[in-house]
Amino acid sequence: MQAQRSVKLHPSWLKVLGEEFDKPYMTALRAFLVAEKEQGKVIYPTSANWFTAFDKTPFDEVKVVILGQDPYHGANQAHGLCFSVLPGVATPPSLVNIYKELDSDLGIPPAAHGCLNHWAEQGVLLLNATLTVVGGQAGSHQNQGWETFTDRAIEVLNEQRQGLVFILWGSYAQKKGSMINRDKHCVIRSPHPSPLSAYRGFFGSKPFSKANDYLQSKGSEPIDWRLSVE
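Reading guide: rules and limits
- Residues numbered from 1 in each chain as written.
- Predicted model: local features only at pLDDT ≥ 70, side-chain atom pairs only at ≥ 80, totals over all residues.
- Heavy atoms only, no water.
- Phe/Tyr/Trp six-rings, centres within 6.5 Å; stacked < 30°, edge-to-face > 60°.
- Helix = DSSP H or I, 4+ residues; strand = E, 2+ residues; numbered from the N terminus.
- Buried < 20%, exposed > 50% of the residue type's maximum accessible area, 1.4 Å probe, protein only.
- 1 Å grid on protein atoms, 1.4 Å probe; cavity = no way out; pocket = protein on both sides within 12 Å on 5 of 7 lines; lining within 4 Å.
- Points joined across faces, edges and corners; volume = space filled by probe spheres on them.
- Nonpolar A, V, L, I, M, F, W, Y, C, P; charged D, E, K, R; others polar.
- Axes fitted to C-alpha atoms, helices over the stretch in contact; angles between N-to-C directions.
- Parallel < 35°, antiparallel > 145°, perpendicular 65-115°, else oblique.
- Contact = heavy atoms within 4.5 Å.
- Salt bridge = Lys/Arg side-chain N within 4 Å of Asp/Glu carboxyl O.
- Lys, Arg positive; Asp, Glu negative; His and termini not counted.
- Polar contact = N/O pair within 3.5 Å; in protein donor to acceptor, adjacent residues only side chain to side chain.
- Pairing = 2+ DSSP bridges.

Novice: Give me the lowdown on the packing of aromatic side chains, citing residues and values where you can.
Specialist: Scanning the entire structure with this criterion turns up 18 aromatic pairs. Ring plane angle 75° and centroid distance 5.6 Å describe the contact between Phe 83 and Trp 169, whose orientation is recorded as edge-to-face. One end of the pair, Phe 83, is in the loop between strand S2 (64-68) and helix H5 (93-106); the other, Trp 169, is in strand S5 (residues 165-169), with 86 residues separating them in the sequence. In this structure, Phe 83 and Trp 169 share a single accessibility class: buried. Within the aromatic cluster, the residues linked to one another by ring pairs are Trp 13, Phe 21, Trp 50, Phe 51, Phe 54, Phe 59, Trp 146 and Phe 149.

The structure is reproduced here in structure tokens:
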């Protein structure tokens, strides 16, 4: 399919999601994105990074899923992984709080950067519900089709894989992850790490140790949550 060949998506994901690219909602989404570009709008991340989460974390290698909502809408921030920013970009507030909890949970000091590639390469799918946004306009590409695509990604993981950890921070992620079979997978829920809600139960929730404990109980290698210099 031409649609499949034109995007950077790992073959393992194309195998389970390839049919989505021929569905009407995806045709409509493509037309919407083309129109946005023709109007001169700046879209983040760049098109080469729309599917980075899927490309860096193959379907068969997923161990942990962390769900976000929208890409960052500031210049040079978003690169296709939820909560992550490119090297050299200031660490956003939610990620600062994630690092604080990581330190409290596992004694891992905050990284000097905000790039989470190392997590993705170990099997942590860092998936936003919406994969694009207009610069400076949070939520601007919601309800255009991306959510249908990412819902399907969660569905196939839920159906075809076993023993995964789904980390759901905040009500949006928890609603999106409501389909997950708790008999097959581990679901870790807490308030969102944003400064507005982190003190309502995110701090002290220990998601990283809980995830690793579950993975090891299923015979899987734990995630090395330390982040080296990028």
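Novice: Run through the layout of surface pockets, naming residues and quoting values.
Specialist: Taken as a whole, the largest pocket holds about 520 Å³ of empty space. Mapped onto the lining of the largest pocket, the elements with two or more residues apiece are S2, H5 and helix H8 (170-176). A breakdown of the residues in the lining of the largest pocket according to their chemical character gives 17 nonpolar, 16 polar and one charged.

Novice: Describe the packing of helix H3 (residues 24-38) against helix H7 (residues 146-160), and please don't skip the residues or the numbers.
Specialist: The contact between H3 and H7 brings their axes to 9 Å, and the two run at 135°. The pairing of H3 with H7 is recorded here as oblique in orientation. Counting all contacts with H3, which are made through Tyr 25, Met 26, Leu 29 and Leu 33, the residues of H7 involved are Trp 146, Thr 148 and Phe 149. Its residues assigned to classes, the contact of H3 with H7 shows six nonpolar, one polar and no charged.

Novice: Outline the pattern of salt bridges, supporting the account with residue identities and numerical values.
Specialist: A full pass over the atoms with the stated rule returns seven salt bridges. When the shortest N-O distance is used, the salt bridge between Lys 23 and Glu 20 registers 2.8 Å. The class of Lys 23 is partly exposed, set by a relative accessible area of 34%. Here Glu 121 ties to Lys 56 by a salt bridge, and the two come within 3.8 Å at their closest N and O atoms. With Glu 121 in helix H6 (residues 117-121) and Lys 56 in helix H4 (residues 52-56), this pair connects stretches of sequence that are 65 residues apart. A residue is classified by how much of its surface remains accessible, and Lys 56, at 28% relative accessible area, is partly exposed.

Novice: Give a description of the side chain of Glu 101 that names residues and reports values.
Specialist: Along the chain, Glu 101 turns up in helix H5. An unpaired buried charge is present at Glu 101: no salt bridge exists, and Lys 206, the closest side chain of opposite charge, is 5.6 Å distant. Here the side chain of Glu 101 touches Lys 206 through a polar contact of 2.8 Å, landing on its backbone nitrogen. Beyond its immediate chain neighbours, meaning those up to four positions away, Glu 101 contacts Phe 202, Phe 203, Gly 204, Ser 205, Lys 206, Pro 207 and Phe 208.

Novice: Go over the pairing of strand S3 (residues 124-128), please, and point to the residues and values.
Specialist: Within S3, five of the five residues are buried, leaving the element largely enclosed by the surrounding structure. Alternating residues of S3 divide into Val 124, Leu 126 and Asn 128 and Leu 125 and Leu 127, and every residue in both groups is buried. Bridge count between S2 and S3: five bridges; the pairing is parallel. Bridge pairing links Val 64 to Val 124 in S3.

Novice: Could you give an account of the environment of Arg 226, with specific residues and numbers?
Specialist: One can find Arg 226 in the segment after helix H9 (207-217). Sequence separation between Arg 226 and Gly 18 is 208 residues, and the spatial gap between their C-alpha atoms is 33 Å. Excluding residues that lie within four positions of it along the chain, Arg 226 makes contacts with Ile 108 and His 118. Reaching out from Arg 226, the side chain makes a polar contact with the side chain of Asp 224 at a distance of 2.9 Å.

Novice: A description of unusual backbone geometry should follow, citing residues and the corresponding values.
Specialist: Residue Pro 45 is bonded to the preceding Tyr 44 through a cis peptide linkage, with omega at -10°. Inspection of the secondary structure assignment puts Pro 45 in the loop between strand S1 (43-44) and H4. A positive phi angle is found at Phe 83, which is not glycine, with a value near 70°. Look at Phe 83 and you get buried, because its relative accessible area is 10%. At Lys 206, a residue that is not glycine, the phi angle is positive and equals roughly 55°. As for its position among the elements, Lys 206 is in the loop between strand S6 (186-190) and H9. On the accessibility criterion, Lys 206 (35% relative accessible area) is partly exposed.

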